[in-house]
Each structure stands twice: as C-alpha cells, then as structure tokens.
Amino acid sequence: MISQYSGISPKGDLILLKRLGDKMRGKSFLHVNSTKAGGGVAEILHRMMPILDELGIQARWEVIEGDEQFFDITKKIHNALQGNHETITKKMWQHHFEVNKRNMETIQLDDVDAALIHDPQPAPLVEFKKSGRWIWRCHIDVSNPMKEVCDHLFRYCGKYDAAIFSVARFAKAMGIDEFIIPPSIDPIGEKNIELSGNEIHETLATFGIPIDRPIILQVSRFDRFKDPTGVIKAFRIARKYNDCILILAGSPATDDPEGELVLNEVKDYASGDPDIHILLLPPFSDRQINALQRIATVVLQKSLKEGFGLTVAEAMWKSKPVIGGAVGGIPLQIVHGVTGFLVYSVEGAAFRIRQFLNNPEMARRMGERGKEHVRQNFLITRQIRDYLSIWYALENCGKGTLGCNV
Amino acid sequence: MECVTILKSTGKTARNIRELRAVIAFINDESLFHHTYQYFLKGHVLEYTNDFAHWVAESLEKRELSERLSCIDPFAFEDVSHLRQKLLQSIDDYIADFPEPRDAIPGAEFYFNETVTIVFPVGMWAKNLAEFLLAVRYVDPASIYYHFYEARIRHGTDDFSTWIENVLGSQELAKAICAIDPLMHNIEGIRAHIVEAVENDVRHDMEVIRP
C-alpha cells in the first residue's frame, strides 16, 4: 500500500516512514475515538490503520460506546471548548467519566506501547492507563474555550505524556509536551483519487444537479459553526451578476445530535430556491463528495470555528480555487492570495466568489499552487510520519533535544 | 541527509512588541532557532526573513521594525545567543523611537514554538557533478534546507559548496553556490539557483577552446 504513495507524497516522507516503521516494528499503537463514521477524525483513522499495519506496527482502533445522554454531554463539551456558553453540571461530568469507565470492559489496555486518544469524549480513559506512552489528540479549535469546561477536561489531559493540537494557537499550558500536527487527506482514498468525467457527470445527474452553470460548493457537516446559512447569503449576493448554483453537501455523524436540527434550519433558509442544492449524503459517500469537488468551480469552507477544515485541503488537492473562513486550521492551508482567499464575513465570501468566477486564470493559478501546498504539507503520509516521529522522540530524544537521528 | 521538524508549543505568547521583547530575552535557544533559521523551511516565503519580522509587519503593522528585523542575517552569528542580542537590540532601538505599544487583535498573537528535528539519510549519493545535478533536481525541499541552510549552523557554510570545493576541486562553482543569497529565496528558488550555477559551470567547461 505504501508503494502506492510513491510519486504522490514527498519522497523524504516515505523514506522516514519506513525507517520509523523499522524502529517501531511489532509495537502496539492504540487509537480511541467516539465514532466510526462521519467527520474528519474517523475518516483519517480509516485510512491510517492499514498503512500503520503495513509498516509492521500493530495498530488498533477502538470506538467508545455511549448512550444518548453521553453524546449530548460531549457535544456540549465540544461546543464549550469552541467558545459557546454551555452548562455542564457535576453530574454530567460524572456521567462522562462513568461511560469511559464502562468502556474499560471492552477496550483492552494491556500491552499498549503507545495510545493516541482523540478528542474530549474518551479523554478520561487515561485514568485507566496501564502501559506505554499516552498522547491526547485534540482536533478541536480550543483557542477561546469556556474556562471552567476547559479546566475540568484538562485535569484528564494533564495526565497524558503529551498532547497534540492541529494549530499552534490551540495549544494550552497543561504542563506536558504539546506538539502541533495538522491533520491530512489521503490522496489515494476514494475521496481524493482521480475520477473519470463520466463518473462525475453521472453523480451530478443522480442528484439532479445541472452542470450548465458554475458550481459553488461547500462540503461539511450541518453544523452552525460551518455557517451554512452564511454561505447561502454569500451565494445570493454573488448570484446578482454571476449565474451560478450552490451545493451544500454533508454527511451526518453519530456523535453529533444537532445535525438534523441544523439541516432543517438550512433547508428553511434556502426556502426552496431551485439553484440551491442541499444534499444529506449517507456516511461513506466519499466518491460522491469527490465528484462534487471535482466538478465545482469554486469551493468554500466558510467556517466560523473550525478544528482544521480538511475539506479545504481536499478541494486544493483537486486544484480548485478555495475560499475559507480565517479560523482554526484554514489559514494554514490557505496562504491568502497565494493558494486561495481567507474571508472574515459573508460579504468577503461573496466578493471572492465573484473574483474567482470572473478571473478563471487566477483561479487556475491558485488551484495549482494549492495542490503543491497540500502535497508538501497535508497528505496522510506526512501525518503518520509526524505521529511516529513524536512517539520515537518521546522514547529516544528527551525533552528539549534539538534533533535526533533515525 | 534530510530533516523533518515537528512543531512543539512553548506555551509562551506575545501580544505586542514589549511582550515580544520580553519573551525573546528568555525563551530557549530552540525556539529562537525555529523562528529564524527554520523560517526558510516554509514553502511560501513572501517578503520577510524570519517569523518575528513577519508578525510585526502583518499583525502589528510596524513596517519599520519589520524591515530592521528582516535585515538580520541569522547565519552571520556564531550562535543563537548572539542572534538573540541582535534581535533585542533592534527591538530596543525601535521602542526608544516609538514607545507606544500596540496590541495584535485577539487570535493574532505571536505564538512561540520550538521543534523536534528528526535527521535521516535519504539514501542518495553523488560521486560527480552530473550525479550531483540530478540529485539536486530530485531531492525533497527538506533535504535542500538541511544542506543549504542548516549546514551553516553546523560548520559556517553550506554543504554543497564545501563538497564541490573539497571533493571535486571546483573552486569557481563552489564560490558561485556560496554567493547565492540565502535570505532572498524560498527553497525552490535556492534549488533553481544551484541548478543554474552547475549548468553554467558545465557549459563553461564545454565551451572552453583549449589550445
């Protein structure tokens, strides 16, 4: 499988991956998150497991089970960490812990050499750590969290050996090593591989979307932080002089109880406009999303808060001109004016849509630069390289060491 | 050889020039190293030569200080402590002229990071100039960075010109590569200049009419 990345990923990443794989061969690497489907974390883990396996590492992915109340609580924690005001009672925190404790009956923690625990839902698992290096992986924008919620959660996080954040601004003083690793996309996964023109057109026909006009696209969960209504407002401004259509496409996630509510809000807001296509795709609709991104003229990710916003990298990988909210990890992907445009308002998004639609040469140039930027920085091989490098560094380099040789 | 760097947060931030100065005064060498020497690992170097100059210009809009900081050549110093003194002196001079601090907007603070650097061989060797040219065209940007920039910290000059002079005995070519301004290009620009210097050297040798 790794050989399939040859000629796509940077050569050095593949060489280092092999070397690190040789060092870690036979060791066990546990990942725990809270959903098998929906959202960027599950998607990356689906792709990462077979690669780790091929490197000779015994990779295991466990998903914590929880009841409806648990996911309501963790959604509140998630929102509070992203800055919303939420009330999380002592009883709720207790339930959060108890569900994690209950999961210990099924998740095997013996003989773990390294564990990567993703996001707040399974964070309390560290209380049951038996062996190995434990790292907490935060995918959320915690740059401006509700303090009480953050403090409570970080009581668990401070017990890890290290933490990983996607963006430097998200890192918090927890008294442990804190690394910055952006997430990634898989260039040979269903969502990003090349598709034939036929397949792309068939997909659009299936959804009943015409291809006679430029297409503006946003792919994301139906979540208020992704500002789907803001996208519709921007589209309506841009459409005044530029005949185009808008597609809002997303999949539900099992750990997001608000998705349906937001979807209905967005449908209401679109109020039956025939040029606005709202698509609720089933989980694992990767090829369909791929097709939508490949046919799009301009791709938006107009988030108000964002963990990272990998749909930006996905679109850039397809050489598309991108417009993104200047939040979370989006500014790492969009170098303003070089690989796309960062925006701060509905009006800004509308203006950049119009600019791209009226300057196809500029759109093409930015799209090409964007693809190269993704190749160097946001492919899955780089992310696995970084995870293994941290694991290796924690075991071999020691704190404050400038460099170590592999 | 090639190196990859993994970012690590120091937990220190600065909102304005005075805070920037205060943190630069005590932050560890690894962090200063990252924000200056490793700036050239970025793919898109715009108009600055280190992260401090970039932030001061883009987030504080202090263009004059940015120009002064951008003019500091990190490779001109024996070690990071001398570079630290120069940075502090530039900021102090500026504060003496413009003492009013101005804060960056929330979220645009300067975040002090450091890196864990992993160095590893890429399994590529050059025995002559032709192989060297092929390799320079082929290797990853991180390898160019390691041999062109990071080598200067290890032994004062880049690995390429050292090898060309010491092993191939080509002083002219070594001099041409040495003369490439390290602060004025991104890594792809450095690669293009090295390739150009080697091709010029080969062309010159081919065109010489020997008696």
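Relevant structure appears above.
Residues numbered from 1 in each chain as written. Chains lettered and ligands numbered in written order. Predicted model: local features only at pLDDT ≥ 70, side-chain atom pairs only at ≥ 80, totals over all residues.

### Some words on the interface of chain B and chain A
Taken together, the contact pairs 25 residues of chain B with 32 residues of chain A. When residues of the side of chain B that touches chain A are traced back to their parent elements, those giving at least two are β1 (2–14), β2 (110–120) and α7 (141–155) of chain B. Looking at the side of chain B that touches chain A residue by residue, the class counts come to 11 nonpolar, 10 polar and four charged. Bridging between strand β6 (residues 177–180) of chain A and β1(B) involves two bridges; their strand directions are antiparallel. By the bridge assignment, A:Phe179 is partnered in β1(B) with B:Lys8. (Contact = placed C-beta atoms within 7 Å. Helix = DSSP H or I, 4+ residues; strand = E, 2+ residues; numbered from the N terminus. Nonpolar A, V, L, I, M, F, W, Y, C, P; charged D, E, K, R; others polar. Pairing = 2+ DSSP bridges.)

### Side note on the packing of helix α8 (residues 159–166) of chain B against helix α9 (residues 171–178) of chain B
All names here are of chain B. Viewed as axis vectors pointing N to C, α8 and α9 meet at an angle of 170°, and their least axial separation amounts to 8 Å. Relative to α9, α8 is oriented roughly antiparallel. On α9, the residues touching Phe160, Ser161, Ile164 and Glu165 of α8 are Gln171, Leu173, Ala174, Ile177 and Cys178. Of the residues in the contact of α8 with α9, the class split is six nonpolar, two polar and one charged. (Axes fitted to C-alpha atoms, helices over the stretch in contact; angles between N-to-C directions. Parallel < 35°, antiparallel > 145°, perpendicular 65-115°, else oblique.)

### Some points on the nonpolar core
Residue and element names in this part refer to chain A. Membership of the largest hydrophobic core comes to 168 residues, with the highest contact counts inside it found for Ile135 and Ile353. The element best represented in this core is helix α14 (residues 380–396), accounting for eight residues. Contacts of Ile135, omitting those with residues within four sequence positions, involve Ala115, Leu116, Tyr160, Asp161, Ala162, Ala163, Ile164 and Ile390. (Core = buried A, V, L, I, M, F, W, Y, C linked by C-beta atoms within 7 Å. Buried ≥ 20, exposed ≤ 12 C-beta atoms within 10 Å, placed from the backbone.)

### What about the sheet that holds strand β9 (residues 276–280) of chain A?
Residues and elements named next belong to chain A. On the basis of which strands lie adjacent, the open sheet formed by six strands has the order β9-β8-β7-β10-β11-β12 and parallel pairing. Either end of the sheet is taken by a strand with one partner, and the two such strands are β9 and β12 (341–343). Taken over all neighbouring pairs, the strand axes of this sheet differ in orientation by 20° on average, direction set aside. Of the strand pairs in this sheet, strand β8 (residues 245–250) and β9 are connected by five bridges, and their pairing is parallel. From the neighbouring strand, Ile247 faces β9, where its bridge partner is His277. Set on the sheet, helix α10 (residues 310–317) makes contact with β7 (215–219), β10 (298–301) and β11 (322–325); between it and β11 the angle comes to about 170°.

### Thoughts on the pairing of β8(A)
Every regular strand shows the same layout, with side chains that alternate between the two sheet faces. All names here are of chain A. Of all six residues that make up β8, six are buried, and the element is covered over most of its length. Going residue by residue along β8, you find Ile245, Ile247 and Ala249 tucked away on one face and Leu246, Leu248 and Gly250 tucked away on the opposite face as well. Pairing between β7 and β8: five bridges, direction parallel. Following the sheet pairing, Leu217 is matched in β8 by Ile247. For the crossover from β7 across helix α7 (residues 228–238) to β8, the handedness is right-handed. (Right-handed = clockwise from strand over helix to strand, strands pointing away.)

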